[in-house]
Amino acid sequence: MNALASNSTLSIPQYHQRHMCFVHLGKTGGSSITCSLPPKIQKSGIGSSGCSSQENDANQNNTSSALSQAIIERVHLLPAPAQNRRFDSFLVTVRNPLERIISWYYYLHPNYPPQKLPHHRNRCYNYQEFYQCWPTIQDLTEMGLQRVPDNYYKNWTKYNQTQTETDKCIQLAWDTISGIHHCWHNYWNFERTYSPLLSLLQQPTAPQEPNNTTVGRQELFVIRTEYISKDWASIETMLQLPVNSTTPSSSTGLEIPGGDDQARINPTVLVTHKNGFETHENINSNNETKQPYSSFLSIPARQNLCRALCREIQIYKQLLQSAINLDEMDKGVSLSELEDLCPNEKMTMRTTGGTICRIQYYNDSLPDDPLSIHRHHQQQKSR
């Protein structure tokens, strides 16, 4: 049995009180979720989610929910603390990797909201050059990612003096999209954020220790951006169940994920999307994404982006498959949506090294950012 539980949601044991860590991956609706949590959780972790008093008032029902009470800390712009024994479970946010990177592109684009402050630009490698080279997402994905730079593997840390301006722009496109160069959420991607959890998945379960209720039963809960309110509601149902019960709580109006019917949305659980650009005419009446942004890209552009994000996609699939709150139908829907955009990505995992992802760089781990390492060490000392 894996250290991080991945059982069917119908058979997992129920616990009175969890000690859950919420790991917020950028551009996956994590700020929207954060603003639905108690103020003490909103203030934990790196980076402000900009929760207003109006939002806190509107989300008052959510902050008293079972999920809100289970979360004891938020982690953002840092690796998931998989080995921290304070936590017996993890809540993570995921999003179709193509959609996430497109969201990141527009979030930092100088011509789109929100307003770009100096720290947005200053923590980005070649911010101005990147958007000058690639002013539109179509240009970036269709031309910038059309071919892998000749020196991509051997010389990613600096540009070759003999490169043409076009070659420099192409290399900048690859280095930025793949997370080599730091520009906020492109750098803190699926791999850097969630790799510790995936390592935990591969470890055998530790034996239960006396007087230690957290050992041997770490769980992984997943909230998908595309189904943010539905997934919150399904987790809420699980957390409100009495010990060793598989009977739905009468107070939630929900059914257990994994049963014969899809979980019904609890009208009192509604997570409001915060991001100004992403909410423009692309949210349906249930406050969930209506049409993927990547569907507006040309077919060659989507193919290039699928290739560039190959490793991210494999981690995304593994997280979906490991989520204890998602039933087979939930997982199938998200994986089918991914396959619609990336036909080579079937529902099963692919190897990330060698020639499978077709990018030699993926044989190695991503390089570290010195400032991010310093922040990580400082946070560890403060605990």
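Residues numbered from 1 in each chain as written. Predicted model: local features only at pLDDT ≥ 70, side-chain atom pairs only at ≥ 80, totals over all residues. Heavy atoms only, no water.

## A word on the packing of aromatic side chains
Any pair of aromatic rings gets described here by the distance separating the centres and the angle formed by the planes. Defined as follows: Only centres within 6.5 Å qualify two rings of Phe, Tyr or Trp (six-membered ring in Trp) as a pair; their planes then separate them into stacked at under 30 degrees, edge-to-face at over 60, and tilted for everything else. Think of it in three bands: with a 1.4 Å probe and only protein chains considered, a residue is buried below 20% of the maximum accessible area for its type, exposed above 50%, and partly exposed in between.
Evaluated as defined, the whole model comprises 11 aromatic pairs. Ring geometry for Tyr106 against Tyr112: centres 4.9 Å apart, planes inclined by 80 degrees, an arrangement best described as edge-to-face. The exposure class assigned to Tyr112 is partly exposed, which follows from its relative accessible area of 32%. Arranged with centres 5.5 Å apart and planes meeting at 85 degrees, the rings of Tyr187 and Trp188 form a pair that is edge-to-face. Considered together, Tyr187 and Trp188 belong to a single accessibility category, that of buried residues. Counting every residue linked through ring pairs, the aromatic cluster contains Trp104, Tyr105, Tyr106, Tyr112, Tyr127, Phe130 and Tyr131.

## Things to note about the environment of Met238
The test is simple: Helix and strand definitions follow DSSP, with helices as H or I runs of at least four residues and strands as E runs of at least two, each counted in order from the N terminus.
Position of Met238 among the secondary structure elements: in helix H12 (residues 228-240). Spatially, the C-alpha atom of Met238 lies 9.8 Å from that of Ile324, the residues being 86 residues apart in sequence.

## What about the state of the cysteines?
Keep this limit in mind: Here, a disulfide means two cysteine sulfur atoms that sit within 2.5 Å of each other.
Inspection of the entire model under this criterion finds three disulfides. Each sulfur in the disulfide pair Cys124 and Cys183 lies 2.1 Å from the other. The disulfide joining Cys124 to Cys183 has a torsion of about 75 degrees about its S-S bond and is therefore right-handed. Placement of the pair is Cys124 in the loop between helix H7 (118-122) and helix H8 (127-133) and Cys183 in the loop between helix H10 (165-177) and helix H11 (190-201), with a sequence separation of 59 residues. Take Cys124 and Cys183: they sit in the same class, and that class is buried.

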